Amino acid sequence: MGGAQSYFQSKAKEVHTSIMDAQMKQADSMRSVQAAMQIAVVRDQLQWGCGLYSLILCGATANLIKHRSLPPFIAGPLVLGGFGLSYLADMAYGTKMIRIRQEAEHILANEKVRLVPPASAPFRRFWEIEAAEVSTKEIPRVGALWPSNWFPKSPATKQN
């Protein structure tokens, strides 16, 4: 009788493991699709941004040829546009996504305390150790920081 019970327990464990593996594969597949969609969106933004930047650059060049000077208000978009396009190009075709993933891994390994959910979250009980570490630090809430302390607090409404 004990042999049959252990056999069924081992089979149940096998089935459970295979179901968990299937769920993890499905979750990883969804994560991959979301990451690919994010990269595709950035590539689309890069194409539109390059078109707009090219238009501004052509206009600035034509103005420079015609008037031998560049209006000062166009210098900002030319410089900032170059930085913005470089950022998008790095994300779309460079190593930015890899660097972001490595930073996320570092945060998960070394700064997990930053990820503690609010006390009312239903899964907060899984974060008790990190939550205790956060609650021992004196960190002001966002509403107590600048510039919100410039504005008067609204008076509490009295309930009848």
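Above: the structure in question.
Whenever I open this one, the overall build of the protein chain confuses me. Can you help?
Of the regular secondary structure elements, the protein chain holds four helices and zero strands. For the protein chain, the succession of helices and strands along the chain, N to C, is α-α-α-α. Every one of the 160 residues in the protein chain was classed for burial, and the buried ones make up 10%. Considering only intrachain contacts with a sequence separation of at least 6, the fraction spanning at least 24 residues in the protein chain is 37%. Averaging the positions of the 18 positive and the 12 negative side-chain charges in the protein chain gives two centres separated by 8 Å.

Could you clarify how one ought to interpret the layout of surface pockets in this entry?
In this approach a probe as big as a water molecule rolls over the atoms, and the regions it shows empty are the leftover space. Estimates place the volume of the largest pocket at around 200 Å³. In this structure, the largest pocket is lined by Arg31, Gln34, Ala35, Gln38, Ile39, Met97 and Arg101. Ranked by the residues each element gives to the lining of the largest pocket, the list is headed by helix α1 (residues 2–67), at five residues. Across the lining of the largest pocket, the residue classes tally to three nonpolar, two polar and two charged.

Is there a simple way to explain the environment of proline 118 in this structure?
For proline 118, the position within the fold is in the loop between α3 (96–110) and α4 (128–135). Take proline 118: its relative accessible area is 57%, and that puts it in the exposed class. With 104 residues separating them in the primary sequence, proline 118 and glutamate 14 have C-alpha atoms 36 Å apart.

Please clarify how the packing of aromatic side chains should be interpreted in this entry.
The relative placement of two aromatic rings is captured by the distance of their centres and the angle of their planes. Applying the stated criterion across every chain yields a total of one aromatic pair. Summarising the aromatic geometry, the rings of tyrosine 7 and phenylalanine 8 are spaced 5.6 Å apart at their centres and angled 65 degrees between planes, so their arrangement reads as edge-to-face. For phenylalanine 8, a relative accessible area of 58% corresponds to the exposed category. Geometry around tryptophan 127 places lysine 112 over its ring, the cationic atom sitting 5.6 Å from the centre.

How should the nonpolar core be read in this particular structure?
If you look at soluble globular proteins, the nonpolar side chains tend to sit buried side by side. Counting residues in hydrophobic clusters, the biggest one holds six residues: Val42, Leu46, Leu85, Leu88, Met91 and Ala92. Counting residues per element, the ones that place at least two in this core are α1 and α2 (72–93). When residues in this core are grouped by element, the largest group, four residues, is from α2. Among residues more than four places away in sequence, those in contact with leucine 88 are Val42, Gln45 and Leu46.

When you look at α2 in this model, what are you seeing that I'm missing?
Every α-helix carries 3.6 residues per turn, so stepping three or four residues along brings you back to the same face. End to end, α2 covers 32 Å across 22 residues, agreeing with the expected 32 Å (1.5 Å per residue, within 8%). When α2 is considered as a whole, its buried residues turn out to be Ile74, Leu78, Leu85, Leu88, Met91 and Ala92. With its buried residues spanning 160 degrees around the axis, α2 presents them on a single face. Of the exposed residues in α2, those oriented more than 90 degrees away from the buried face are Pro72, Val79, Leu80 and Phe83.

Where do I start with the packing of α2 against α3 in this structure?
α3 packs onto α2 with a crossing angle of 80 degrees between their chain directions and a minimal axis gap of 6 Å. Classified by the angle their axes make, α2 and α3 are roughly perpendicular. For the pair formed by α2 and α3, the contact residues are Tyr87, Asp90 and Met91 on the first element and Lys96, Met97, Arg99 and Ile100 on the second. Among the residues making up the contact of α2 with α3, the classes are represented as four nonpolar, no polar and three charged.

Before we go on, may I ask you to explain the side chain of lysine 96 in this structure?
Within the element layout of this structure, lysine 96 appears in helix α3. Buried charge lysine 96 goes without a salt bridge, the closest partner of opposite sign being aspartate 90 at 4.9 Å. Excluding residues that lie within four positions of it along the chain, lysine 96 makes contacts with Tyr87, Asp90 and Met91.

So, how was this worked out
- Residues numbered from 1 in each chain as written.
- Predicted model: local features only at pLDDT ≥ 70, side-chain atom pairs only at ≥ 80, totals over all residues.
- Heavy atoms only, no water.
- Helix = DSSP H or I, 4+ residues; strand = E, 2+ residues; numbered from the N terminus.
- Buried < 20%, exposed > 50% of the residue type's maximum accessible area, 1.4 Å probe, protein only.
- Contact = heavy atoms within 4.5 Å.
- Lys, Arg positive; Asp, Glu negative; His and termini not counted.
- Charge placed at Lys NZ, Arg CZ, Asp CG, Glu CD.
- 1 Å grid on protein atoms, 1.4 Å probe; cavity = no way out; pocket = protein on both sides within 12 Å on 5 of 7 lines; lining within 4 Å.
- Points joined across faces, edges and corners; volume = space filled by probe spheres on them.
- Nonpolar A, V, L, I, M, F, W, Y, C, P; charged D, E, K, R; others polar.
- Phe/Tyr/Trp six-rings, centres within 6.5 Å; stacked < 30°, edge-to-face > 60°.
- Lys NZ or Arg CZ within 6 Å of the ring centre and 35° of its normal.
- Core = buried A, V, L, I, M, F, W, Y, C linked by side-chain atoms within 4.5 Å.
- Expected span 1.5 Å × (residues − 1).
- Arc of directions from axis to C-beta.
- Axes fitted to C-alpha atoms, helices over the stretch in contact; angles between N-to-C directions.
- Parallel < 35°, antiparallel > 145°, perpendicular 65-115°, else oblique.
- Salt bridge = Lys/Arg side-chain N within 4 Å of Asp/Glu carboxyl O.

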